[in-house]
Amino acid sequence: MMESSESLFDLEQDELPFAEVLVPLPLEQYFTYRVPRQFTDLAQVGCRVLVPFGRQKVQTGIVIQRHSKNPSVYEAKAIMDVLEERPSINAHQLSLFSWIANYYLCTEGEVLQAALPSGLKIHSEINVQLHPYYDADKEPEYPLTAHEQLLLDHLQQHDFIPFSEISKLIPLKDPSALVRSLVKKEAILLFEKLKDKFSPKTVRKISLHPDYQQKEKLQALFAQLESKGNSQKQVEVLLLLLQLQSLDNDDIGLAKAVHKSELINKGASASALKTLVKNGILHDFQETIARFQFRGETKSLPPLSKEQEQAKEAIITALSEKEVCLLQGVTGSGKTEIYMHLIEETIYNGHQALLLVPEIALTTQIVSRLQQVFGDKLGVYHSRFSDNERVEVWQKVQNDALQVVVGVRSSVFLPFENLGLVIVDEEHESSYKQFDPSPRYHARDVAVVLAHLHQAKTLVASATPSLESFYLAQEGKWGYVLLEKRFADAQMPDILLADMKKAKKRREMVQDFTPELLTQLRYVVEQKEQAILFQNRRGYAPFLQCDICAHVPRCKNCDVSLTYHQFSEEVRCHYCGYKEPVPASCEACGNSQLITVGLGTEKIEEEVVQLFPATKVQRMDLDTTRSKHSYQEIIDDFSQQKTQILIGTQMVTKGLDFDQVTLVGVLDADGLLRFPDFRASERSFQTLTQVSGRAGRKEKKGVVIIQTRDVQHPILQMVIHYQWREFYQYELNERRLFRFPPFVRLITITLRHRDKSSVKQAASQLARHLRSNLGENRVSEAHEPLISRIKNRFLMEITVKFERTGFNVQQGKAFIKQSGKSLMENKNFTGLEILYDVDPY
DNA sequence: GGACCTCCTACT
DNA sequence: GTAGGAGGTCCC
């Protein structure tokens, strides 16, 4: 694709004076720009260009196509600059963008927005400065308001302020009117400045000037300096430099450069240093360094057990016939070692490899294991890294300086040149599906497409595969390899159910603990072993309730109850972030007795601390892991056995290897099972199996206790008996019966509007239109979603189910999008928003 | 997404 | 009347 467009371009470059440009914004079309003569060669397809966009604004765009068709209805503006000689985005990526936009019903601009690290998305920002003729002491020609005065006062002290920061300085929601007024009064000027440019990390280094890098020359120099008498400081600097040069080497390497900061830290006089540089004795220069530098020896690959070796061979065989293979390996079966061997072979064959991991599983544990083997061939791509760090990985992947990347879902967008293998670890993880900003893509499914574009292979792995993947493997569309034996002959734990209903009736519950779980916990504490307690709800309790009138405090902006957080003494909305102090009394009846209902991690922590005051307890959930390192700290403390009991949400179920955990307690399995969506069973089975897998490794067999009010529940029965085959057959049957994925393709259409009746009317109109054109069995009636208002917008929903075969899904999707578009153009529904979620999770 | 414009409304 | 918010539009 690249080749052909380039050669076409060579032949006819003068006839391609226009470019279609994609901008990273949620807009449907490309924009046409004129390519100035000096850029005819440079502005290739895939290059980033700077373009004027909107009212006096600079945007980064990508050249999608070159052509010679001069747009007739408007005059094309000119590309301002081409940002690189080699395209940032390769042909595979452009195809991938367009596939994602089509499949997930979003725009290519949204994909670009998600794909490019912001360090590569330069755009201009408006700044405000004082007008050169403005005189603060002079009586102003026009009177100034208090707000205007505030801004001018600020500008007396500062050279300029970014427009976007004015609202932080002055309590104004939209400062544009204020700024406009001040411009008119000739008190300020506006100017634009580019921001977010990538800057490589550099260090300043000092070395001897080449003229002095010989012993004799140096001796002469010393003699000369010492004779002067006032150069003592300079002599000290030179001696220190020589000392540092020889530090890790007996032989003095006179050409060697040392860090300037080190010289200064060790006491070199800055002014003497400056003089030496000025006199041409020392050389002061900048060196670009990588942000990630792997130090230390790489080890050879860990050997595989017989079972691992067999699994690896089976995967290779499967992938020789099929593009995708599912590896189902129980927790603790040693999948990571198999990955390493497969990656090694991929690199050996001259290809790049990508290992996708769920956000939360990207810990130092897995990174350091891979780094030990792959050293500086390995790159890590994570949202917690800075922009500059991400740009660096991006560029190294592009230059083939990195052969392996371990990363989170957005690493499918990296500019791989010759991908050979993609591995999706823990593929059932819902965090692979992006939700909040569109594109709402699933990284596993995008990975399969990405691999296909590179004619590469995909390995999809999990102990508890998604129903979708399991089905594809069962149907033979994907290969399938099973690894059932735990590594080093570790035994699977005993999983037991504890009947909360019975315990409650007999009044045997101690707070939220059944006698079974409490007994085991006591034993573990006495034996100095470790335990994990799992409850899938953060905060103290899901909500507060009035003891008398049963009123529950609700969010002002959303249709949800507020969650009680004891530590911060607040009630919070998990949807819009609204929070308020805990109400002293019921707002409905004035009663002051508000009780907590339900169970969150914070409350369990409190109970455990009461029950075991001498034991070290740690809680791990969204609230305790907000900062960059706290997650890792909690993990480290627990694996070093500084903490004995770990209490947490989902997070504790994710691929962490702790050897001394002998007990896992699930405090309330019913909360999982009751979840009102079609994935409740699947999620329950996966979560309970995964969390159980945390118990007992190596020598010691573990125990898992699951508390429930429904001991007969079929899902729980299958979990405790390890009947995963039965589970998949059972659940596939249900899905077939009720027409859910993997038997149909699901799309959720959400309509959003600030006016309730408008959104209802728009939704039923859209539903009627879709039902009559696509079939009533494929499109649901418009209905209110479970949460019908978020951030003061009312929501309506339409569910679409397309069968997998015998129906043109792509055509159906296009029809939906077209219908949505024309509905939004309807003047009765101005302000209507339509959101699509393809393959919702 | 954001800078602009227009329209609406709550005040001194 | 007008400052400030809210909604709507367009970007090549």
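Residues numbered from 1 in each chain as written. Chains lettered and ligands numbered in written order. Predicted model: local features only at pLDDT ≥ 70, side-chain atom pairs only at ≥ 80, totals over all residues. Heavy atoms only, no water.

**Topic: unusual backbone geometry**
So, step 1. Cis geometry is found at the peptide bond from Ser 438 to Pro 439, where omega equals 5°.
So, step 2. Tracing the backbone shows Pro 439 in the loop between β17 (419–424) and α15 (443–453).
So, step 3. Residue Pro 742 is bonded to the preceding Pro 741 through a cis peptide linkage, with omega at 10°.
So, step 4. For Pro 742, the position within the fold is in the loop between α24 (724–737) and β31 (744–753).
So, step 5. With phi around 55°, Arg 739 is a residue other than glycine that occupies positive phi space.
So, step 6. Positionally, Arg 739 belongs in the loop between α24 and β31.
So, step 7. Unlike most non-glycine residues, Lys 791 shows phi in positive territory, near 50°.
So, step 8. Mapped onto the fold, Lys 791 is located in the loop between β32 (789–790) and β33 (793–803). (Helix = DSSP H or I, 4+ residues; strand = E, 2+ residues; numbered from the N terminus.)

**Focus: the pairing of strand β18 (residues 457–462)**
Side-chain positions along a regular strand alternate between the two faces of the sheet.
So, step 1. With 5 of 6 residues buried, β18 is to be regarded as a mostly interior element.
So, step 2. The pairing of strand β13 (residues 324–329) with β18 spans 5 bridges and is classified as parallel. Bridge assignment links Leu 327 to a residue of β18, and that residue is Ala 461.
So, step 3. Both β17 and β18 contribute to a ladder of 4 bridges, which runs parallel. Paired with Val 424 across the two strands is Val 460, which belongs to β18.
So, step 4. Chirality of the crossover, the property in question, places the unit of β17, α15 and β18 among those that are right-handed. (Buried < 20%, exposed > 50% of the residue type's maximum accessible area, 1.4 Å probe, protein only. Pairing = 2+ DSSP bridges. Right-handed = clockwise from strand over helix to strand, strands pointing away.)

**Observations regarding the UniProt feature "binding site: Zn(2+) 1" (unreviewed entry) in chain A**
So, step 1. Per the UniProt annotation, the sites labelled "binding site: Zn(2+) 1" (unreviewed entry) are Cys 546, Cys 549, Cys 586 and Cys 589. Spanning 44 residues, the annotated positions come together in the fold, the maximum distance between their C-alpha atoms being 8.6 Å.
So, step 2. Positionally, Cys 549 belongs in the loop between β22 (543–546) and β23 (563–565).
So, step 3. A residue is classified by how much of its surface remains accessible, and Cys 549, at 33% relative accessible area, is partly exposed.
So, step 4. Dropping the residues within four chain positions of it, Cys 549 is found in contact with Cys 586, Ala 588 and Cys 589.
So, step 5. Take Cys 586: it is sitting in the loop between β25 (579–581) and β26 (594–597). (UniProt positions renumbered as here; feature names shortened; annotations may be inferred. Contact = heavy atoms within 4.5 Å.)

**Describing helix α10 (residues 270–278)**
So, step 1. All of the buried residues in α10 are Ala 272, Leu 273 and Leu 276. In a view along the axis of α10, the buried residues occupy a sector of 100°, so they form one face of it. Exposed residues lying more than 90 degrees from the buried face of α10 are Ser 271, Lys 274 and Lys 278.
So, step 2. Residues of α10 that are buried make contact with β10 (202–208), α8 (232–245), α9 (260–265) and β12 (282–288).
So, step 3. Gly 280 sits one or two residues past α10 and shows a positive phi near 75°. (Arc of directions from axis to C-beta.)

**Focus on the nonpolar core**
So, step 1. Membership of the largest hydrophobic core comes to 75 residues, with the highest contact counts inside it found for Ile 100, Ile 749, Leu 751 and Ile 816.
So, step 2. Discounting residues that sit within four places of it in the chain, Leu 751 has contacts with Val 759, Ala 762, Ala 763, Leu 766, Phe 794, Leu 795, Met 796, Ile 798, Leu 823, Leu 832, Glu 833 and Ile 834.
So, step 3. Grouped together as the second largest cluster of nonpolar side chains are 39 residues, Ile 495, Ile 532, Ala 695 and Ile 715 included. (Core = buried A, V, L, I, M, F, W, Y, C linked by side-chain atoms within 4.5 Å.)

**Things to note about the environment of Arg 554**
So, step 1. You can see Arg 554 is positioned in the loop between β22 and β23.
So, step 2. Sequence-wise, Arg 554 and Arg 572 are 18 residues apart; in three dimensions their C-alpha atoms are separated by 9.2 Å.
So, step 3. In this structure, Arg 554 is in contact with Asp 559, Val 560, Ser 561, Leu 562 and Glu 587, ignoring residues within four places of it in sequence.
So, step 4. Here Asp 559 takes part through its side chain, which lies 3.0 Å from a polar atom of the side chain of Arg 554. (Polar contact = N/O pair within 3.5 Å; in protein donor to acceptor, adjacent residues only side chain to side chain.)

**Digging into the pairing of strand β30 (residues 703–708)**
So, step 1. With respect to burial, β30 is a largely interior element, 6 of its 6 residues being buried.
So, step 2. Where strand β20 (residues 494–499) and β30 come together, 6 bridges link them in parallel fashion. Bridged to Asp 499 within β30 is Thr 708.
So, step 3. As paired strands, strand β29 (residues 661–666) and β30 are joined by 4 bridges and run parallel to one another. Residue pairing in the sheet places Gly 665 in a bridge with Ile 705 of β30.

**Remarks on the pattern of salt bridges**
So, step 1. With the rule as written, the count across this model stands at 38 salt bridges.
So, step 2. The partner of Lys 185 in a salt bridge is Glu 148, and the shortest N-O contact between them spans 2.8 Å. Taken together, the residues Lys 185 in the loop between α6 (176–184) and β9 (188–195) and Glu 148 in helix α4 (residues 146–157) connect sequence positions 37 residues apart.
So, step 3. Here Glu 803 ties to Arg 778 by a salt bridge, and the two come within 2.7 Å at their closest N and O atoms. Here Arg 778 lies in the loop between α25 (756–774) and β32 and Glu 803 lies in strand β33, a separation of 25 residues in the sequence.
So, step 4. Owing to a relative accessible area of 21%, Glu 803 belongs among the partly exposed residues under this scheme.
So, step 5. You can call Arg 778 buried: its relative accessible area is 16%.
So, step 6. Several salt bridges share partner residues, and in doing so they unite Glu 468, Arg 679, Glu 682, Glu 731 and Arg 735 into one network. (Salt bridge = Lys/Arg side-chain N within 4 Å of Asp/Glu carboxyl O.)

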